[in-house]
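Here is how the chains run, residue by residue.
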Amino acid sequence: MNYALIFAGGVGQRMNTVSLPKQFLKVHGKQVIVRTVEHFQNCPYIDGIVVVCVQEYIPLMKEIIDANALTKVIGIVPGGDCAQASVFNGLTELIKVSKNDKDIILIHDGVRPILDEETIIKNIECVKQYGAAITVAKANETILVLDDNDEVKDVVDRSTCYLGRAPQSFYLHDIYNAHRKANAENRHDFIDSAMLMKHYGYQLHTVLGPTNNIKVTTPMDFYLYQAMLNTKENEQIKSL
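Residues numbered from 1 in each chain as written. Predicted model: local features only at pLDDT ≥ 70, side-chain atom pairs only at ≥ 80, totals over all residues. Heavy atoms only, no water.

**What to know about the overall build of the protein chain**
Keep this limit in mind: Each helix is a run of H or I in the DSSP string that is no shorter than four residues. Each strand is a run of E no shorter than two, and both are numbered from the N terminus. For the radius of gyration, the atoms used are the C-alpha atoms, and the globule rule reads 2.2 Å times the number of residues raised to 0.38. Accessible area is worked out with a 1.4 Å probe on protein chains only. A residue is then buried under 20% of its type maximum, exposed over 50%, and partly exposed in between. By the convention used here, residues are in contact when the closest approach between their heavy atoms is within 4.5 Å. Shrake-Rupley sampling with a 1.4 Å probe provides the accessible areas, and residues are treated as covered by the protein chains on show and by no other component. Asp and Glu count as negative and Lys and Arg as positive, but His and the ends of the chain are not part of the count. Lysine's charge is taken at NZ, arginine's at CZ, aspartate's at CG and glutamate's at CD.
Counting secondary structure elements, the protein chain contains seven helices and 11 strands. Relative to a compact globule of 240 residues, whose C-alpha radius of gyration would be 18 Å, the protein chain shows 18 Å and is just as compact. Within the protein chain, the fraction of its 240 residues that count as buried is 46%. Of all intrachain contacts in the protein chain linking residues separated by at least 6 positions in sequence, the fraction that spans at least 24 positions is 73%. Per element, the accessible surface of the protein chain, about 12800 Å² overall, is 49% carbon and sulfur. Looking at the protein chain, you have 24 positive and 28 negative side-chain charges, and the mean spots of the two groups are 4 Å apart.

Take a look at the structure:
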């Protein structure tokens, strides 16, 4: 079985919204989180979805899931004190329904709504072949390494540099057990699943994903995403 864990546990402080967290903001009449979940809902290779949500917004999330007929969502669980804890909550929910140690989990940001089915499929195939799949995009700007005085220490060859994106995918039982090790060691400082799995000795293979799959975390990101949808809509109108 192939599952998706959609992490929507943030409250959007960088977005500066006055009411709802960023994942509930509407673009073209539809919430960002809905646009994200729909990619997995519509992919025939995904069997179930768990959404991690801020505790107080779980009733709203349930309402939105039902209203948009996102029938593959099998659970909505509260987030934790940090991103790592929130992902573990989602993994724990999925372990309850997993019946095979070869079940695959795709971990994705709820506010990363530009995705395609090809990337989802490539993640699943990469996990089957290598045991892990980290979606990346090529770095298209100069990468600088600074010293303690904020002076340029090195200029990195950007042809060897990639940006970590999502999904990040693994065998469900592998990443669940890695999280349990981290909890037992009181390690809660891993910035994402790739860093955690690398720390515990797993080899990470990459999948090249769409360069425009931005994470909508700031007002600029929001307006950029809106512009992307406007462009797509205009292209559809011209083709009629």
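Once you've had a look at it, read on.
**With respect to the packing of helix H3 (residues 83–95) against helix H5 (residues 172–184)**
Put simply, the rule reads: Interaxial angle, 0 to 180 degrees, is taken between N-to-C directions of lines fitted to C-alpha atoms, where a helix line uses only the stretch in contact. Oblique is the label for every angle not falling under 35 degrees (roughly parallel), over 145 degrees (roughly antiparallel), or within 65 to 115 degrees (roughly perpendicular). In this scheme the crossing of two helices becomes right-handed for a clockwise turn of the near helix relative to the far one and left-handed for an anticlockwise turn of less than a right angle. Ten residues, namely Ala, Val, Leu, Ile, Met, Phe, Trp, Tyr, Cys and Pro, are considered nonpolar, four, namely Asp, Glu, Lys and Arg, are considered charged, and the remaining ones, Gly among them, are considered polar.
H5 packs onto H3 with a crossing angle of 130° between their chain directions and a minimal axis gap of 10 Å. Taken together, the axes of H3 and H5 are oblique relative to one another. H5 is crossed by H3, and the crossing has left-handed handedness. Across from Gln84, Val87, Phe88, Leu91, Thr92, Leu94 and Ile95 in H3, the residues of H5 making contact are Leu172, His173, Ile175, Tyr176, His179, Arg180, Ala182 and Asn183. When grouped by side-chain class, the residues that make up the contact of H3 with H5 number nine nonpolar, five polar and one charged.

**Some remarks on the side chain of histidine 179**
Assignment of secondary structure puts histidine 179 in helix H5. Excluding anything up to four places from it in sequence, histidine 179 contacts Gln84, Val87, Phe88, Leu91 and Leu196.

**Comments concerning the sheet that holds strand S10 (residues 162–171)**
To keep things clear, this is the line we draw: DSSP-based pairing: two strands are paired if at least 2 bridges between them are found.
Ordered by their spatial adjacency, seven strands build an open sheet running S5-S4-S1-S6-S10-S7-S11, and the pairing between neighbours is mixed. Only two strands of the sheet have a single neighbouring strand rather than two, namely strand S5 (73–78) and strand S11 (206–208). Looking at each pair of strands side by side, their axes are set apart by 25° on average, direction ignored. Where strand S7 (residues 132–138) meets S10, six bridges bridge the pair, whose relative direction is antiparallel. Along S10, the bridge assignment pairs valine 136 with glycine 164. Against the sheet, helix H1 (residues 32–41) contacts strand S1 (2–8), strand S4 (48–53), S5, strand S6 (104–109) and S10, and its axis sits at roughly 175° relative to S1. Together, S6 and S10 form the strand contacts of H5, whose direction differs from that of S10 by roughly 105°.

**Comments concerning unusual backbone geometry**
With omega at 10°, the peptide bond leading from alanine 166 into proline 167 counts as cis. Even without being a glycine, asparagine 186 presents a positive backbone phi close to 60°. Structurally, the position occupied by asparagine 186 is in the loop between H5 and helix H6 (193–199).

**Concerning the pairing of S10**
Regular strands place their side chains on alternate faces of the sheet. Counting buried positions over the 10 residues of S10 gives seven, a clear majority of the element. Sheet topology places S6 next to S10; four bridges connect them, and they run antiparallel. Residue pairing across strands places isoleucine 104 opposite tyrosine 171, the latter belonging to S10.

**Digging into the pattern of salt bridges**
Charged atoms that come close allow side chains of opposite charge to pair. Basically, it comes down to this: A pairing counts as a salt bridge when a side-chain nitrogen of Lys or Arg comes within 4 Å of a carboxyl oxygen of Asp or Glu.
Throughout the structure, instances matching the rule amount to five salt bridges. Among the ionic pairs, glutamate 38 bridges to lysine 30, the shortest N-O distance being 3.1 Å. Aspartate 109 is paired through a salt bridge with arginine 112; the nearest N and O atoms lie 3.0 Å apart. One salt-bridge network, in which partners are shared between bridges, spans Asp109, Arg112 and Lys215.

**As for the nonpolar core**
Grouped burial of nonpolar side chains is what soluble globular proteins tend to show. For the record, the criterion: Here the nonpolar core consists of buried residues drawn from Ala, Val, Leu, Ile, Met, Phe, Trp, Tyr and Cys, with membership extended through side-chain atoms lying within 4.5 Å.
Core analysis: the largest hydrophobic core is formed by 32 residues, its most contacted members being Phe40, Ile46, Ile49, Val51 and Met61. Elements with a contribution of two residues or more to this core: S1, H1, S4, helix H2 (58–67), S5, S6 and helix H4 (117–130). Apart from the residues lying within four places of it in its own chain, the contact partners of isoleucine 49 are Ala4, Ile6, Val37, Phe40, Gln41, Lys72, Val73, Ile74 and Gly75. If you look at the next biggest cluster of nonpolar residues, it comprises 26 residues, including Leu94, Ile107, Tyr176 and Leu196.

**Some thoughts on the side chain of aspartate 109**
Selection criterion: For this analysis, a polar contact is any N or O atom pair within 3.5 Å, provided that within protein one partner can donate a hydrogen and the other can accept it, and provided that sequence-adjacent residues contribute only side-chain to side-chain pairs.
Tracing the sequence through the fold places aspartate 109 in strand S6. For aspartate 109, a relative accessible area of 15% translates into the label buried. In terms of polar contacts, aspartate 109 uses its side chain to reach the side chain of arginine 112, at 3.0 Å. The residues touching aspartate 109, leaving out its near neighbours within four places in the chain, are Ile6, Phe7, Thr36, Ala166 and Lys215.

The analysis is restricted to geometry; functional conclusions fall outside its scope.
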